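Understanding the architecture of this molecule
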Amino acid sequence: NMYIVRQEPRIGTGGEREFRHLMLKGASYMMFVLMPFFGFLVYLFYRKHQPHYIGMLVYSLHYHSFAFLLFTILSLLSRLPMLSMILLSAPVVVGLYLFSSLRTVFRQRWGLTLVKGVMIGAAHIASAAVLFLLTAFLSVMVF
């Protein structure tokens, strides 16, 4: 705890750019871990439809590629003055895409897909939050 307290002034005075770079680098490693974990989550719910994990890993890469592309486009659009709040719509669009893609790929009824999608999405958000906090903590410790 004392180490973190000693690091705080360094972050606040001039080291903000370096710290931001370190956090961004840590976030890329976090996503590297998160994508296979998301594939495992989907595998847990749909192993009867697709008995091999590698198919779920491909689905995870597809889903995250869509999310990254969407966030990139919305980030660029949010720089326009009249569209500054558009980035807030990203979680809704990503959630709808998760439901739509699960329904398309695994061809289940919409009610069952909705339940599984909500559970997968909640577990994915929780794991991303835990990994983000771990990344932030490690970035402060390394900084």
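Keep in mind that this is a model prediction, so the values were computed, not measured. (Residues numbered from 1 in each chain as written. Predicted model: local features only at pLDDT ≥ 70, side-chain atom pairs only at ≥ 80, totals over all residues. Heavy atoms only, no water.)

Observations regarding the packing of aromatic side chains
Cut-off, in case you're wondering: Two aromatic rings from Phe, Tyr or Trp, using only the six-membered ring of Trp, form a pair when their centres are within 6.5 Å; if the ring planes differ by under 30 degrees the pair is stacked, by over 60 it is edge-to-face, and anything between is tilted. Secondary structure elements follow DSSP: runs of H or I of four or more residues count as helices, runs of E of two or more count as strands, with numbering from the N terminus. Here, a charge over a ring means that NZ of Lys or CZ of Arg falls within 6 Å of the ring centre while also lying within 35 degrees of the ring normal.
For the coordinates displayed, the defined rule picks out seven aromatic pairs. Arranged with centres 4.1 Å apart and planes meeting at 10 degrees, the rings of Tyr46 and Phe106 form a pair that is stacked. Here Phe106 lies in helix H4 (residues 90–106) and Tyr46 lies in helix H2 (residues 16–46), a separation of 60 residues in the sequence. Here the aromatic cluster, defined as three or more aromatic residues joined through ring pairs, consists of Phe38, Tyr46, Tyr59, Tyr63, Phe66, Tyr97 and Phe106. The side chain of Lys116 reaches across the aromatic face of Tyr46, ending 4.4 Å from its centre.

A look at the layout of surface pockets
Note the threshold: The definitions used throughout rest on a 1 Å grid laid over the protein atoms alone, on which a cavity is an enclosed set of points accommodating a 1.4 Å probe that cannot get out and a pocket is an open set flanked by protein within 12 Å on both sides along at least five of seven lines; lining residues are those having an atom within 4 Å of a point. Grid points are joined across faces, edges and corners, and a volume is the space filled by probe spheres set on the points. For this classification, the nonpolar set comprises Ala, Val, Leu, Ile, Met, Phe, Trp, Tyr, Cys and Pro, the charged set comprises Asp, Glu, Lys and Arg, and every other residue, Gly included, is treated as polar.
Estimates place the volume of the largest pocket at around 480 Å³. Within the residue set of the lining of the largest pocket, elements represented by two or more residues are H2, helix H3 (53–77), H4 and helix H5 (110–142). The dominant element in the lining of the largest pocket, judged by the number of residues it contributes, is H5, at nine residues. The class makeup of the residues in the lining of the largest pocket is 15 nonpolar, six polar and no charged.

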